[in-house]
Structures are given as C-alpha cells and as structure tokens.
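Residue strings, one per chain:
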Amino acid sequence: MSENLVIVESPAKAKTIEKFLGKGYTVKSSFGHIRDLSKKKLGIDIENGFEPDYEISADKKKVVSELKALARKASTVWLASDEDREGEAISWHLFQTLGLSAGNTKRIAFHEITKHAILEAIDNPREIDMNLVNAQQARRVLDRLVGFELSPVLWKKVAPKLSAGRVQSVALKLIVEREREILDFKTEPYFKASGVFHPVKEKASVKLNASSEGRFPDEVSAVSFLEKCKDAHFSLEGCDTREMEKSPAPPFTTSLLQQEASRKLGFSVSQTMMIAQRLYESGLITYMRTDSTNLSSLAINTIKELIVSSWGAEYSRPRQFKTKSLGAQEAHEAIRPTYVANTTIEGTAQEKKLYELIWKRAVASQMSNARVEKTTLTIGAPEIEEKFTSSGEQILFPGFLKVYLESTDDDNAAQDENQILPAMNIGDSLNAVKIAVAQKYTQKPQRYSEASLVKKMEELGIGRPSTYAPTITTITQRGYIKRESRPALQRDIVVFSLKAGNISREESKENYGAEKNKLFPQDIGMLVTDYLENNFKDILDYGFTASVEEDFDKVACGKLVWNKMIAAFYKGFHKEVENSITETERAHSERVLGTDPASGKPIIARLGKFGPLVQKGANDDSEKQFASLASGQLIGSITLEEALKLFELPRNLGEYNEVKVSVSNGRFGPYIKYGSSFVSVPKGMSPYTITLQQAVEAIENHKTREERKHIKEFPEIGVEILDGRFGPYIKYSGAAIDGKDYAAGNYKIEKGTDASAMSLEDCKRIISSSTPSGKSGFRAAKAAKAAKSSGTGKTRK
DNA sequence: CAGTGAGCGAGCTTCCGCTTGACTT
C-alpha cells in the first residue's frame, strides 16, 4: 500500500513523475475533467443562483471509481492538476467526487517536470483556490447558456441540428466576413515598371535587377513612361547601407506549431496535434497543448550547452520570451524536445519531421541574433520622375539563422531579392539593358487556411490550445465551411518592353487565384452568421470573449461574485433569445437573380432542403424547375448567366451501343451517365460542352481501368484482389471462411508480393491473421453498430 | 455516390475545455 496518492491530468505526465518520486508515492491521472454539466439537459438551475448540476462523465466513471479506491487507502492525496482555471476546477471536482477531506488533501502544482521542481512543489502545498474555481464555473456556465439557448433558436429559425457558441460562431464569422470582402473586392489592373541595369564601369556580365514603386493606370501612361526612358541618362542616386539585427522567434506554443507545421510541412491542424500527441506520449517532447513560450531553466541550460559545444559560445544567447497572446494561462512550458541531445528520433517520417521542426525552433530561440547588412540602391535619371530601387542582403553573422528561419503566410514577401550588389558610388552611370512595364492586378484579400484561422483566433483570445482543432472540425461538420483547393485561373496581361531603343508590346497570360486547402464558407454558414449578427450582435462581437475574460479574471481574484456576473449577463442575453424566437421571421436566403429570357419566369437562388438551389418560376408556380448549385457557387454571388446554365443539365448526348449517354452535375462533380453506370467527366472538360465522342472515350477509358484494377477473385470466400491507389489489396465481403466469419473490409497485402500469383490459402491466411486496414474497417464497424442501435441502416453525413 | 425540393410533426439536435482510447460475429 502506498501512503501518498498524487493525481495529475495526463497519464504520460503521471508516468514521468512517478519515476521522480519513487517509493511511497502512487501517481495517477484523472484524464482531464471528470465531471461536467449534463450532456443532454441544461444542467443549470437558473432560478437558484445558476447552481450547476454536475455529473460524472460517462467515460470517466471507471477512472473515478479507481481513484476513489486508491484515495481511501492513501494517507495523503496530492491534487496536482495544472495551475490554471481549468486545472483548479479539476482539483476541486476531484476533491468533491472522491469524497476527500481537507485534513489529508493537499493542492500542489508542478512548474516543470524535474526532480527538483517536483520536490519543491511537495514542500509547498496550498489549499484549493475557490476564487479560481468559481472563475471556471462562470466560464463553463456562460458557455453552456450561450450554446444551449442559441442553438435551439437556429433550429427554429434556420434548420435543425445547427449549433452556435461563443467560440465557433465567431470563428465562422471570421471566415464569412473574409469571403464577403473578397466578393466585394474590385480587382483593378495597373502597370508596374522593373528594369535590368548595367553599371558602365563594370564588366558586361554584371547586371542589376531593380523595381520601381511607380504605378501607371493604363497602357498610354505606361508607354509614355517608356518613351521618356529611351533617352534617359541613368545613374546611381542613392546608396543606403544599414546593419540590422534579426532575432529568433520564440519556441512553439500550440498555435505557432500548428501554423509552422502547416506552412513548412503541409500538415492540417488536427494532423499536427495527432503527431505531436504521439511524440509527447513517447516522452520526446513536452506537452503539446500550451499557450506559453516559457522554457524551464533546465531546458535553457541544456540548450545553451548544446549550442556552445556545437557552434561556439558566440552563437549562444539564452533568453526567455514573453507570452503575448490574449488570455494566456501559461500552465505549461513551451513545446520543446524533452532531451535536446536527441537531434533525431525513431518514428514515422511525419513524426521525424515534426520533431525536427520543434527541435530547431527551440534551439534557435536560444541562439544569438543574426546580423545582416541590407543595401538599397536608388537609380534615377533627370528625364524621369520615377525611381528604381535594388536591394540586397548580406549576412554578416548568421546566429540563429544557422538553424531555423520562420516562414510567412505571404509567399511574395519571401522572394525578397537576394542578389549580390556590385560596389558603386553615387553618380556612377548605368545603362538600362531592359525596362519592362508589366500589367498587374490589385490582389484580393486571402482566404483563411486552418492555421491562419487559428492564428487569428488566438489574437482575439477566442478558443484554447485544446480546442482550436476541434472547433474547425465542428464548423465543418455543421456544413458551415468546407476546406477546399481550387485550380488557378488564367487572365491576360500586357507587357511593354524597352530594349535597345525599341518599345515592344507583348500579350501573355498569367495564372492567379489558385487556392490550396483554404476555408470556404457555405451558404448555410453565411445564413447562420447573418442571422446571429442581426439578433445577437454582442455575442458575435470580436471583443466579446475578451470582455467576459476580464470579468472571469475579476472573479479569480475575488473582486466579483461569479453568479452575480452570470446573472447580469443572462438578463440581457435571455431577453434577446426570447425576442428572436417571437419577433423574428424564419431566416431565408432567397435572391432573385432576374428573369429567364426564354420563358419570362423569375430565376431565384435559395437554400433548399438538400442545399443551395436555383429555381425557375415563382414559389407558387406549380411547374417550377430546380437545379442544385455546383460546389463553389454561392447564393450570394451566383449570376443569372451561371444559374441559367445549371438548367441545361442533365444534357442528353445521344446513344452509344444503343444505350443512352447523358451528362450532369452530381454531389461529387460532373459525371457521365451511361445506362446505369457512372463515369466522371474528365478533368478540364465541362459537362456543358463535352461531346458524345469525348464521353464515349471517357467511358472506354474507365472500362479498361476497371478491368486492369481487377486482378483476381475467389468468390467462394467473397474475396477480390484489386489494384488500388496504393497497390494491390484484398477486398473481402465478410462471407464465412471455413465456417468462420471475419470482419469485412480491405486487407493489406504485404509489399513485394506478386498479387496475381496469390492462392486461395494465401487470402485465407491474411484475413484470418489480420484486421481490415485503415479507417474503412473502423468506420464500417462503427457504422454497423450505429445502424443496429438506431434501427435504420441509412445515415446521412 | 451520381436524385431529391410538399406538409404534418413524433423525438432529437446544441456549448467550451480538460484528457485519451477506439470495433465485431
């Protein structure tokens, strides 16, 4: 029997701490919160001072009973959850639920996971801070009230199963507002000059690229500028050299890690968290859900030793970074390698990459500043007003740049000209080898990526490290937003060039508007945002969270009583809820686009039962027609022309082998229907213009691909061997094999096996000795269970 | 997976934060 029971939040942490404490101490984990408000009911007694009604969460019953048993036997229980609002509440819930007594319970907090810090914590116990606990209760109750009163309003006024909340609704609003900015943006063409110059006294090969700030509104002014350049005498008018220092970025917080892993490694926000979780559980990195940039003194020292021994003392500059994000609670360290001596690790390719990123960032943060010399040359001529500038950077001392360079969201800024500039004096003559004035377009605002949305949320203090990824998942699952990529479009540009005294005009194309994994609002998301904005303006305000956080802070330091604060908020809020239920109309999104020139009927875009549609004919027209909007089209921006096109589908193309061929747009894009089989319209072709011949070609291609895909089959055991995207695999129907049933799904075939030579016995062996691979097996099993419990086999995503 | 788009209205949906494990005949 152990005399001391220590309870922390995370099992990985428990394992480490147990090692440090040794005999006489049992260290267990609560796995986060153990109690919460009821899952189904409001769980708040509004009449009675907003008294919360807590329940032990279903998935925590086992942990609670285990902890209860251990606590009964222990002489002292040490509550060691994190030292922030949520952590304090966890300790209090444990105290209450486990039936602990004040006499043998001690509250402690570890500031770092080292033997010294842990022993120090044990030496300095305190009591549970009820003010901090109450601040958490206020936070919890407010979020529940907002979420559980707002969502039902949406069910009534918009559509069932929708949701709203303090965090998700504001995250959604950011995306919707950005889309509106993009829709409202007027792209304007302009002309911008750039030149290649040759310093007269240098060798002919020495060239200088320079650009001009001057913009010209149209072709006429662009050409007249080049006319003036023809006889201009260029010389160096300015030379500005300045030495600057660049300092390293802080070590990672959750949000910074998500941003950099997205930019540098292309990981999604939730992917980053899953990989980081594995690194944490293997003991390779510190905790990955943190808002702090602090490093422990031990970490700072060991990193310093590593830097000095690897690159020399001049590369070391130990420092602590100030956490500047709004509402940071700083219960953990920054994310860093646990043992910085591990420069590489064992693991998957993704784990290695993420670890390397974390390692470099942490090490670089403790290195000296880089010193760079930035030179800007100004080139001008008495004949013209516009100046050309050329800049170059020279690294005098690399410092942290030896290890890590932070990236930016703006790709254009990254290609800062890094040319080597020739030594020149003011007044030196230059020849213009070539001057070009190229057409450019003003740039629309950028859509959010998952990572840039997290960055923005953190700036506003909305959400926490543990909720950034789940929030994006929620608003995606509600159908409010969609993560999508879009191919580049093409537009015309004109370039005028002055070369050897001649001005030429050239027309060409440029790609623009490509989007990779960006967040696009959907019609339902825009409708919900508009409805909430119109009726609950204060909740949707970007400053709402920050202002309630101020109140929570006052509760935390005892200056405000938590349920009084909630009462004050609820009074106004609940009135708005009641008002919106009784006073407002059902939200609708109808937009009349114009009239159909053929029939004279109105064309209306609106949200239907199954999503956005266009309608030909008024609502009371008994012969009205419908067509779904294509992916990427919005009710708010679709034009009459685009809408009329939608009615052209499905198109009948004729017959092939006496079977009907038609094209249409489906949920998964344009498709060709051939009898009862379906083939995707080939990339680059449109369902509006594809010919019968092209469609037949696609059908035949599809057929041969399908045939090639089929390697072998053993129908007696329900097995097909197919050639998939990742090579051959076994597709198994779940039919009995030798009297035994196995899980249906796809089974992996070991790499290097000749699939066409596989025997019946081989397949039996694989199915009986392994489980279906990937998510399909898991999902299939889950879906089967859901179907069974609900009584219907059909589920809609 | 490749359509659908009425109306009535059972009974249900929903929040934010803290933490992992995870299914079947």
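Let us look at the structure shown here. (Residues numbered from 1 in each chain as written. Chains lettered and ligands numbered in written order. Predicted model: local features only at pLDDT ≥ 70, side-chain atom pairs only at ≥ 80, totals over all residues. Heavy atoms only, no water.)

**Observations regarding the sheet that holds strand S27 (residues 710–714)**
Two orientations exist for strands paired in a sheet by backbone hydrogen bonds: parallel and antiparallel. The line we're drawing: Here the rule is simple: two strands pair whenever DSSP picks up at least two bridges between them. Secondary structure counts use DSSP, requiring at least four H or I residues in a row for a helix and at least two E residues in a row for a strand, with both numbered from the N terminus. Working convention: axes come from line fits to C-alpha atoms, limited for helices to the stretch in contact. Angles between N-to-C directions cover 0 to 180 degrees. For this analysis, residues touch if any pair of their heavy atoms sits within 4.5 Å.
Strand order in the open sheet formed by 4 strands is S27-S28-S29-S30, and the pairing between neighbours is antiparallel. Only two strands of the sheet have a single partner each, and these edge strands are S27 and strand S30 (745–748). Taken over all neighbouring pairs, the strand axes of this sheet differ in orientation by 30 degrees on average, direction set aside. Running over the sheet, helix H20 (residues 692–709) touches S27, strand S28 (719–724) and strand S29 (727–732) and is turned about 50 degrees from S27.

**Details of the side chain of Gln615**
For clarity, the cut-off: Distance and chemistry together define a polar contact, namely a pair of N or O atoms within 3.5 Å, with one atom able to donate a hydrogen and the other to accept it when in protein, and with adjacent residues in sequence counting only for side-chain atoms on both sides.
Within the secondary structure layout, Gln615 lies in strand S21 (residues 611–616). Within the local environment of Gln615, its side chain forms a polar contact with the backbone oxygen of Gly617, the two atoms lying 2.9 Å apart. Dropping the residues within four chain positions of it, Gln615 is found in contact with Pro602, Ile603, Ile604, Arg606, Lys624, Gln625, Phe626 and Phe647.

**Quick look at the protein's contact with DNA strand B**
Here is the rule: When at least one non-hydrogen atom of a residue lies within 4 Å of a molecule or strand, that residue is treated as near it.
Neighbouring residues of DNA strand B: 52 residues in total, closest His33, Lys40, Lys161, Tyr287 and Tyr671. Here the atoms of DNA strand B within 4 Å of the protein split so that 55% fall in sugar or phosphate, with bases taking the remainder. Measuring from a base oxygen of DNA strand B, one finds a backbone N or O atom of His33 at 2.6 Å. At 2.4 Å from a phosphate oxygen of DNA strand B is found a side-chain nitrogen or oxygen belonging to Tyr287.

**Some thoughts on the sheet that holds S21**
With antiparallel pairing, 4 strands are arranged side by side in an open sheet as S19-S20-S21-S22. Single-partner strands in this sheet number two, and they are strand S19 (591–595) and strand S22 (625–628). Sheet twist, expressed as the mean angle between neighbouring strand axes with direction ignored, is 25 degrees.

**Section: the environment of Lys115**
To keep things clear, this is the line we draw: Buried residues are those whose accessible area, probed at 1.4 Å on protein chains only, stays under 20% of the maximum for their type, while exposed residues exceed 50% and partly exposed ones sit between those limits.
Mapped onto the fold, Lys115 is located in helix H4 (residues 115–123). With relative accessibility at 45%, the residue Lys115 sits in the partly exposed group. Spatially, the C-alpha atoms of Lys115 and Cys239 are 57 Å apart, while their sequence positions differ by 124 residues.

**What to know about the pairing of strand S14 (residues 429–441)**
The two faces of a sheet get side chains in turn, since along a regular strand they alternate between them. With 11 bridges connecting them, strand S9 (residues 189–199) and S14 associate as antiparallel partners. Its bridge partner being in S14, Phe191 is matched across the sheet by Gln439. In the sheet, strand S11 (residues 234–246) pairs with S14 via 2 bridges, with the strands oriented antiparallel. Directly across from Phe234, in S14, lies its bridge partner Leu430. In terms of strand pairing, S14 meets strand S16 (residues 489–499) through 4 bridges, oriented antiparallel. Bridge pairing in S16 places Val437 opposite Phe496.

**A word on helix H18 (residues 562–583)**
Rules: The length a helix should cover is 1.5 Å for every residue beyond the first.
Its 22 residues place the ends of H18 31 Å apart at the C-alpha level, agreeing with the 32 Å of an ideal helix rising 1.5 Å per residue. Within H18, burial applies to Trp562, Met565, Ile566, Phe569, Tyr570, Phe573, Val577 and Ser580. In the core, the buried residues of H18 are packed alongside strand S5 (51–52), helix H5 (130–157), helix H15 (523–535), helix H16 (537–540) and helix H17 (544–556).

**Examining the environment of Pro422**
Tracing the chain through its elements places Pro422 in the loop between helix H12 (411–414) and S14. For the pair Pro422 and Lys207, spaced 215 residues apart in sequence, the C-alpha separation works out to 8.7 Å. In this view, Pro422 contacts Pro199, Glu202, Val206 and Leu208; residues no more than four positions away in its chain are not counted.

**Structural notes on the pattern of salt bridges**
To keep it simple, the criterion reads: Salt bridge criterion: a side-chain nitrogen from Lys or Arg within 4 Å of a carboxyl oxygen from Asp or Glu.
This structure, assessed with the given rule, holds 43 salt bridges. Here Glu243 and Arg371 are joined by a salt bridge, their closest N and O atoms 3.3 Å apart. Of the two residues, Glu243 sits in strand S11 while Arg371 sits in strand S12 (residues 370–380), which places them 128 residues apart along the sequence. Asp762 serves as the salt-bridge partner of Arg765, at 3.6 Å between the closest nitrogen and oxygen. Of this pair, Arg765 and Asp762 both sit in helix H21 (residues 760–769), 3 residues apart, roughly one helical turn. Three or more residues are tied together by salt bridges with common partners; here these are Glu83, Glu88, Arg107 and Arg126.

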